[in-house]
Structures are given as C-alpha cells and as structure tokens.
Amino acid sequence: MDTANIKPEDFRGNWIFIVLLVLFGTVLFATALGMVVLIFTMAFPLHHYMLSRALHVFGWGFGSLATAFSGRAMWIQAVQMAHYVAHLDIRGLDFRFGSKHHTRDIFFAWNQIAAVQHKRTPGGQSYCVVGKDKRSVEFTAFTFFHPKKLALQIAAHINQSLQEIKL
C-alpha cells in the first residue's frame, strides 16, 4: 500500500467493556463494604465467643479483602484500557499504553516493521507487531476494539499478510 495515501486512524479500547469493568469494580467494592459490616456484626456481640465464630470472622475478612482487591484491579485495568491508543498515519504506527499520566509509547516507522503475527491461544487470539530491531508489541481484544482489523491494516501498509504462529 502506498504510504502517501494513508489517512490517520486511531484504534482504541472497547468502551462497553471498559464501562463494564468500572461497574463490576464498583459492585465489588460495595460488596466488600457489606462484608466488612457483616464481619463487625459477627465479631462484636459481647457474648458467646467460640472458635467457630472466630473462623467465620476470619473467612469473611479474607473474602472481603479478596473482593476489594479484585475491584481495585478491575478499576486499574479499566483506567489503563481507557487510554490505550494505536495511531496509524503517514509516519508509521504509534502505540500508547498505560494510564493518562504514566504512558508507555512505542513507535514503528512503516519501513521498520518486520512482520505482523497472529496467534490462536486458549483465551482467544493475539496479534504481534515485530520490528526489524526485535522490538515487539502484542495486543488482543482486551487491548483494542477490533484487533484483527488493526493487524490487517498494519500488514497491508507493509505489503505483507498476517503470519500464523502455531503453538
């Protein structure tokens, strides 16, 4: 494909998925808070202390911590995914990963891309852009919306087809 005819295009994350991650993270935080209230109601009646009650308090405490950490992880992933961008223009391919304040940028000029690889994995499909200097960027549907379309456009710009990688 002639690089002079390349119109700038951006690929971003799936906003529906990002919103769902934020909602699930919020639900997990609310659930953890409810579990903490339950822990206090089990732990602080001032009579009938028994080992079984202590085990229940410990179990619910561990569950509330795990739930809160899962909610936090979902929030972090959603914030990062909201800022992922793959920008194609006349200069080349520019990937931006990370959050708004902590980004990791990777740029490939069109003549510096060696291959675009496609790999089927048990969790789905992944694509990898490999540079001639051995740098690589891997992305999936969790990274960009329509990753196959992005990979095919990159391959078309460098006049190659997708390379299938067998596991």
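This report concerns the structure included in the present document.

Reading the values: the criteria
- Residues numbered from 1 in each chain as written.
- Predicted model: local features only at pLDDT ≥ 70, side-chain atom pairs only at ≥ 80, totals over all residues.
- Heavy atoms only, no water.
- Helix = DSSP H or I, 4+ residues; strand = E, 2+ residues; numbered from the N terminus.
- Rg over C-alpha atoms; globule rule 2.2 N^0.38 Å.
- Buried < 20%, exposed > 50% of the residue type's maximum accessible area, 1.4 Å probe, protein only.
- Contact = heavy atoms within 4.5 Å.
- Core = buried A, V, L, I, M, F, W, Y, C linked by side-chain atoms within 4.5 Å.
- Pairing = 2+ DSSP bridges.
- Axes fitted to C-alpha atoms, helices over the stretch in contact; angles between N-to-C directions.
- Phe/Tyr/Trp six-rings, centres within 6.5 Å; stacked < 30°, edge-to-face > 60°.
- Lys NZ or Arg CZ within 6 Å of the ring centre and 35° of its normal.

A few words on the overall build of the protein. Across its full length, the protein holds three helices and eight strands. Listed N to C, the secondary structure of the protein is β-α-α-β-β-β-β-β-β-α-β in terms of helices and strands. Computed over its C-alpha atoms, the radius of gyration of the protein comes to 23 Å, more than 25% above the 15 Å expected for a compact globule of 167 residues. Viewed in the frame of its principal axes, the protein has a C-alpha envelope of about 80 × 35 × 25 Å. Out of the 167 residues belonging to the protein, those deemed buried represent 33%. Restricting to contacts in the protein with at least 6 residues of sequence separation, those with at least 24 account for 55%.

In this section: the nonpolar core. Among the nonpolar cores identified, the biggest contains 28 residues, and Leu93, Phe95, Ile113, Phe144, Leu150 and Ile154 are the most heavily contacted of them. Broken down by element, the residue count for this core peaks at four residues, all from helix 3 (residues 147-157). With residues near it in sequence (within four places) discarded, Ile113 still touches Leu93, Phe108, Val129, Val130, Gly131, Lys132, Ile154 and Ile158.

To summarise the sheet geometry, strands pair through backbone hydrogen bonds and adopt either a parallel or an antiparallel arrangement. Spatially, 1-2-3-4 is the arrangement adopted by the four strands of the open sheet, whose pairing is antiparallel. Two strands lie at the open edges of the sheet, namely strand 1 (9-12) and strand 4 (103-109), each paired on one side alone. For this sheet the average axis-to-axis angle between neighbouring strands, irrespective of direction, equals 15°. The sheet contact formed by strand 1 and strand 2 (residues 85-88) spans four bridges and is antiparallel. Bridge pairing in strand 2 links Phe11 to Ala86.

Its identity as a non-glycine residue notwithstanding, Lys134 has a phi of 75°, on the positive side. At His146, a position not held by glycine, the phi torsion is positive, near 60°. Positionally, His146 belongs in the loop between strand 7 (136-139) and helix 3. Of the residues examined, His146 reaches a relative accessible area of 45% and is grouped as partly exposed.

Here the focus is the packing of aromatic side chains. Counting across every chain of the model gives nine aromatic pairs. With 6.4 Å between their ring centres and 90° between their planes, Phe95 and Phe108 make a pair best called edge-to-face. On the criterion of sequence distance, the pair formed by Phe95 in strand 3 (residues 92-98) and Phe108 in strand 4 is long-range, its members being 13 residues apart. With relative accessibility at 1%, the residue Phe108 sits in the buried group. Where Phe139 meets Phe144, the ring centres are 5.8 Å apart and the plane angle is 70°; that geometry is what we call edge-to-face. Neither residue differs from the other here; Phe139 and Phe144 are each classed as buried. Every member of this aromatic cluster is reached through a ring pair, and the members are Tyr84, Phe95, Phe97, Phe108, Tyr127, Phe139 and Phe144. Its guanidinium or amino end placed over the ring of Phe108, Arg135 lies 4.5 Å from that ring's centre, counting from NZ or CZ.

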